[in-house]
There are 2 protein chains.
Amino acid sequence: MTEFELIDRFTRPAPRAGEGVVLGIGDDAAVLRPPRGEDLVVTVDAVVEGVHFDARFAPADVGWKALAVNLSDLAAMGARPLWALCALTTRRGERPARLAGVGRGLAACARAHGVALVGGNVSRARELSLTVTVAGAVPRGAALTRAGGRPGDLLFVSGRLGEAALGLAPQAPAAARARQRRPAPRLALGLALRGLATACLDVSDGLLQDLGHLCAASGVGARVELARLPGPPARAAARAGQDPLALACGGGEDYELLFSAPPRRAGAVAAAAARAGVAVTHIGALVGGGGVRLLDARGRTHTARARGHDHLR
Amino acid sequence: MTEFELIDRFTRPAPRAGEGVVLGIGDDAAVLRPPRGEDLVVTVDAVVEGVHFDARFAPADVGWKALAVNLSDLAAMGARPLWALCALTTRRGERPARLAGVGRGLAACARAHGVALVGGNVSRARELSLTVTVAGAVPRGAALTRAGGRPGDLLFVSGRLGEAALGLAPQAPAAARARQRRPAPRLALGLALRGLATACLDVSDGLLQDLGHLCAASGVGARVELARLPGPPARAAARAGQDPLALACGGGEDYELLFSAPPRRAGAVAAAAARAGVAVTHIGALVGGGGVRLLDARGRTHTARARGHDHLR
């Protein structure tokens with residue numbers, strides 16, 4: 001199969017037309033018409049065989065996840081997704097059915113979130129990988145960033161933390177396995193938080209590490225009440241021989257939104273969460289100074305060591 | 001070094017601010033303001049160690065080329081470049097100096113062409129690779145495509161063909177080596193051809209293969225006069241034991257523009273080439289029907305077999 005046939009076969013299952021797509025895949029480049037009066041929000045991320053996924057992942061899960069982790073970044077900025085470009089690498093002699101499966105997973109995630117695939121590239125390499133660039137739109141000046149948090153703001157997180165990490169354990173329950181393989185980008189919540197959240201990011205490297213990033217960007221510290229953390233199901237964690245609190249604090253790959261908002265907006269945050277159909281939990285607050293302090297159930301303070309998930313380790 | 005330190009070190013040499021960059025590298029995603037009344041032109045391409053480059057390439061050449069091949073696609077669409085995002089993969093234990101060199105080469109190409117680096121990602125893999133996504137702008141509806149060629153249009157190509165392929169030979173002259181390692185995207189020519197060229201693409205896979213793409217997209221055939229082809233220096237090709245005509249027809253990686261224009265615009269094409277400071281050669285014409293016919297110096301016709309450059313082979 002030539003490069004062109006492979007690109008075509010790989011990208012064919014995905015929606016290739018959509019809002020603003022003037023000219024899609026097939027020319028030297030795509031031509032796109034940005035929505036009037038909006039800013040674009042763009043990011044790139046890769047999933048690599050042996051690093052981000054292995055034989056426990058179905059091919060379609062790989063394709064889904066490669067796009068979903070990028071859409072999670074758009075969610076964290078409050079953007080609605082528009083377009084994606086993907087660069088696939090494949091080993092010589094890779095099974096065509098496996099590549100087709102990756103393409104179908106990518107397509108399923110694109111369809112689920114209204115994304116048009118507008119660029120594709122295939123190269124040989126020593127492993128399968130998928131690098132995805134996504135672009136979304138947000139009204140001018142309305143993008144959520146990591147930088148607007150202020151002392152006194154409450155700290156919230158969506159969904160459950162640590163469940164995706166638990167999903168890698170052999171005895172993990174189906175829900176946790178699905179969280180690891182098919183993360184659900186919190187796009188509706190990100191949109192609902194525009195004008196409410198003062199700072200926002202997605203939890204990809206573990207709560208404490210990502211909270212450290214939010215604090216550094218906002219120039220604040222944080223206090224987290226451990227008893228409030230929405231961790232993975234305790235019984236399932238125990239069966240897998242894992243500590244639920246450690247999973248919740250540093251498991252990584254949660255793709256939940258971690259955000260701050262002033263106390264007076266707590267009701268609006270709850271309403272936004274209800275509208276988006278996702279649970280949001282108040283887990284602490286931002287404070288002056290730097291550093292992240294953890295309060296246990298007995299009110300004792302611990303200093304957080306941000307030991308998160310680092311794909312380079 | 002953590003992932004974050006590596007991304008920062010890798011992207012630091014590049015310009016990270018520029019036209020339309022509201023929020024650059026460092027948050028979950030970049031925020032970009034598209035130029036008013038213009039379409040965006042976007043594409044993605046990767047260079048992989050052992051496939052697109054090897055130890056004969058200096059690290060900085062790899063970074064330069066990864067961006068340049070993408071900018072060449074923007075040139076072919078008549079777009080002016082704005083932004084780039086790059087995803088680097090690196091082996092465990094890779095020399096930091098090598099990665100820094102790749103970053104410097106990428107930065108040099110970005111500076112040379114007014115591109116802001118607005119996104120970066122680093123992952124482990126079994127080889128070094130660099131996947132670059134670029135975005136440029138073009139006035140609405142003014143993008144050049146492969147599809148507008150008509151029978152009777154003249155066929156032109158910029159620069160010299162086959163010199164980049166010659167540049168891989170051990171005895172290649174310095175100019176050919178530079179063409180292979182640091183291709184010059186024909187951005188000024190692409191801009192000058194807006195409103196003139198009826199179809200345009202960049203020659204990355206070899207003249208005949210890419211001409212086949214232009215013909216297929218435009219629904220036409222083509223006639224190429226072999227004696228007109230601006231091939232590599234004959235003496236240098238002979239020294240390297242290579243056939244200049246074969247290099248010109250199928251060498252690949254030329255990153256020259258191949259385009260069509262009606263005969264009445266031949267003068268305007270020459271003026272555009274002069275303005276852009278690049279040689280443009282009239283090499284044939286588009287014809288009705290399909291297929292590419294080659295006319296040799298004695299007027300004999302050959303049917304082209306498009307045996308170009310396929311990185312998957």
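Definitions and limits used
Just so you know, the residues in each chain are numbered from 1, in the order the chain's sequence is written. A letter from A marks each chain and a number from 1 marks each ligand, given out in the order of writing. Per-residue local features of the predicted model are confined to residues with pLDDT of at least 70, and side-chain atom pairs are confined, for both listing and counting, to 80 or more; whole-chain, interface and lining totals are unaffected and use all residues. Values reported for side chains reflect all heavy atoms of the structure, with hydrogen atoms and water molecules removed beforehand. Ring geometry is summarised as follows: Phe, Tyr and Trp rings, the Trp one being its six-membered ring, pair when their centres sit within 6.5 Å, and such pairs are stacked at plane angles under 30 degrees, edge-to-face over 60 and tilted between the two. We count a stretch as a helix when DSSP gives it H or I for four or more residues in a row; a strand needs E for two or more, and each element gets its number in order from the N terminus. Relative accessibility thresholds used throughout: buried, under 20% of the residue-type maximum; exposed, over 50%; partly exposed, between the two (1.4 Å probe, protein chains only). Counting as a charge over the ring demands two things of the Lys NZ or Arg CZ atom: a distance within 6 Å of the ring centre and an angle within 35 degrees of the ring normal. Here the rule is simple: two strands pair whenever DSSP picks up at least two bridges between them. Only the stretch in contact is used when a helix axis is fitted, and all axes are lines through C-alpha atoms; the angle between N-to-C directions ranges over 0 to 180 degrees. By the convention used here, residues are in contact when the closest approach between their heavy atoms is within 4.5 Å.

**Student:** Explain the packing of aromatic side chains here, please?
**Tutor:** Here the distance between the centres and the angle between the planes together describe a pair of aromatic rings. All names here are of chain A. A complete count under the given rule lists four aromatic pairs over all chains for this structure. Between Phe-156 and Phe-259 the ring centres are 5.3 Å apart and the planes differ by 20 degrees, which places this aromatic pair in the stacked class. Of this pair, Phe-156 sits in strand E7 (residues 154-158) while Phe-259 sits in strand E10 (residues 256-261); the two residues are 103 residues apart in sequence, bridging distant segments of the chain. For the pair shown, Phe-156 and Phe-259 are each scored as buried. The ring of Phe-57 has Arg-181 sitting right over it, with the charged end atom 5.2 Å from the ring centre.

**Student:** Help me out: how do you make sense of the environment of Gly152(A) in this one?
**Tutor:** Residues and elements named next belong to chain A. Structurally, Gly-152 is set in the loop between strand E6 (129-139) and E7. Gly-152 sits in the partly exposed class, given a relative accessible area of 40%. Between the alpha carbons of Gly-152 and Leu-286 there is a distance of 5.5 Å; along the sequence they are 134 residues apart.

**Student:** Which parts of the structure should I look at to understand the sheet that holds E7(A)?
**Tutor:** Sheets are built from strands that pair by backbone hydrogen bonding, the pairs being arranged parallel or antiparallel. Residue and element names in this part refer to chain A. Overall, mixed pairing links the seven strands, which are arranged E8-E10-E7-E11-E9-E12-E13 in an open sheet. Pairing within the sheet leaves two strands with one partner each, and these edge strands are strand E8 (199-203) and strand E13 (301-303). Direction aside, the axes of adjacent strands within the sheet are offset by 25 degrees on average. Across five bridges, the pairing between E8 and E10 is antiparallel. Bridge pairing links Leu-201 to Leu-258 in E10. Contacts from helix H7 (residues 207-218) reach E7, E8, strand E9 (221-225), E10, strand E11 (280-287) and strand E12 (292-295), with the element oriented near 155 degrees to E8.

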